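Okay, here's what each chain looks like letter by letter:
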Amino acid sequence: MLNLKNVEAKLRARMEDLGVRVDQIEHDLREPHSQDWGENATESEGDQVLEGLEEAGLDEINQIRAALTRIKKESYGVCKGCGEDIPEGRLTALPYATTCVNCAE
């Protein structure tokens, strides 16, 4: 059986780490670009990668917040597809999972 206090602590720690990364990405994206056309093109490509990383980080933060809400409402670990319990192994691997393996497929 999962220890929800441990799960919550791990989710909060992960969310904090992601928040720091997203803040750093935001800072990097605000940096002015070079006036050199070639350098500017390279920096623009880098910005596209950073924006993708930022979006992924924000998405994971939202999923973690939703999982923390489910813990608070005592609905954590219940599949939103079939209503059965999500296996502990799946929740260990993906602590913000909302569906069991069968429903996820």
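Just so it is clear, the model here is predicted, and its values are computed rather than measured.

Asks: Tell me about the overall build of the protein chain, residues and numbers included.
Replies: Counting secondary structure elements, the protein chain contains four helices and zero strands. Reading the secondary structure of the protein chain in the N-to-C direction produces α-α-α-α. In terms of overall dimensions, the protein chain is more spread out than a globule: its C-alpha atoms have a radius of gyration of 18 Å, far above the 13 Å expected for 105 residues. Dimensions along the principal axes, computed over C-alpha positions, put the protein chain at roughly 60 × 30 × 20 Å. Taken across its 105 residues, the protein chain has 24% of its residues classed as buried. Pairs at least 24 apart in sequence give 51% of the contacts found in the protein chain among residues at least 6 apart.

Asks: I'd like to hear about unusual backbone geometry, residue by residue, with values.
Replies: The phi torsion at Glu 74 lies on the positive side, around 60°, for a residue other than glycine. For Glu 74, the position within the fold is in the loop between helix H2 (37–72) and helix H3 (88–93).

Asks: Residues and numbers for the environment of Leu 50, please.
Replies: Tracing the sequence through the fold places Leu 50 in helix H2. Leaving out residues up to four positions away in the same chain, Leu 50 has contacts with Ile 25, Asp 28 and Leu 29.

Asks: Got a sec to walk through the nonpolar core? Specific residues and values, please.
Replies: Within the largest apolar cluster, 17 residues are counted, with the highest numbers of intra-cluster contacts made by Leu 11, Ile 64, Leu 68, Ile 71 and Tyr 76. Residues within four places of Tyr 76 in sequence aside, it is in contact with Leu 2, Leu 4, Val 7, Ala 67, Arg 70, Ile 71, Leu 91 and Pro 95.

Asks: Lay out the environment of Val 78 with the relevant residues and their values.
Replies: Its location among the elements puts Val 78 in the loop between H2 and H3. The partly exposed category is assigned to Val 78, whose relative accessible area is 35%. Considering only alpha carbons, one finds Val 78 and Gly 19, 59 residues apart in sequence, at a separation of 27 Å.

Asks: Describe the side chain of Glu 60, naming the residues involved and giving the relevant values.
Replies: With respect to the secondary-structure elements, Glu 60 resides in helix H2. For Glu 60, a relative accessible area of 14% corresponds to the buried category. Filtering out sequence-adjacent residues up to four positions away, Glu 60 remains in contact with Arg 14, Leu 18 and Tyr 96.

Procedures and definitions
- Residues numbered from 1 in each chain as written.
- Predicted model: local features only at pLDDT ≥ 70, side-chain atom pairs only at ≥ 80, totals over all residues.
- Heavy atoms only, no water.
- Helix = DSSP H or I, 4+ residues; strand = E, 2+ residues; numbered from the N terminus.
- Rg over C-alpha atoms; globule rule 2.2 N^0.38 Å.
- Buried < 20%, exposed > 50% of the residue type's maximum accessible area, 1.4 Å probe, protein only.
- Contact = heavy atoms within 4.5 Å.
- Core = buried A, V, L, I, M, F, W, Y, C linked by side-chain atoms within 4.5 Å.

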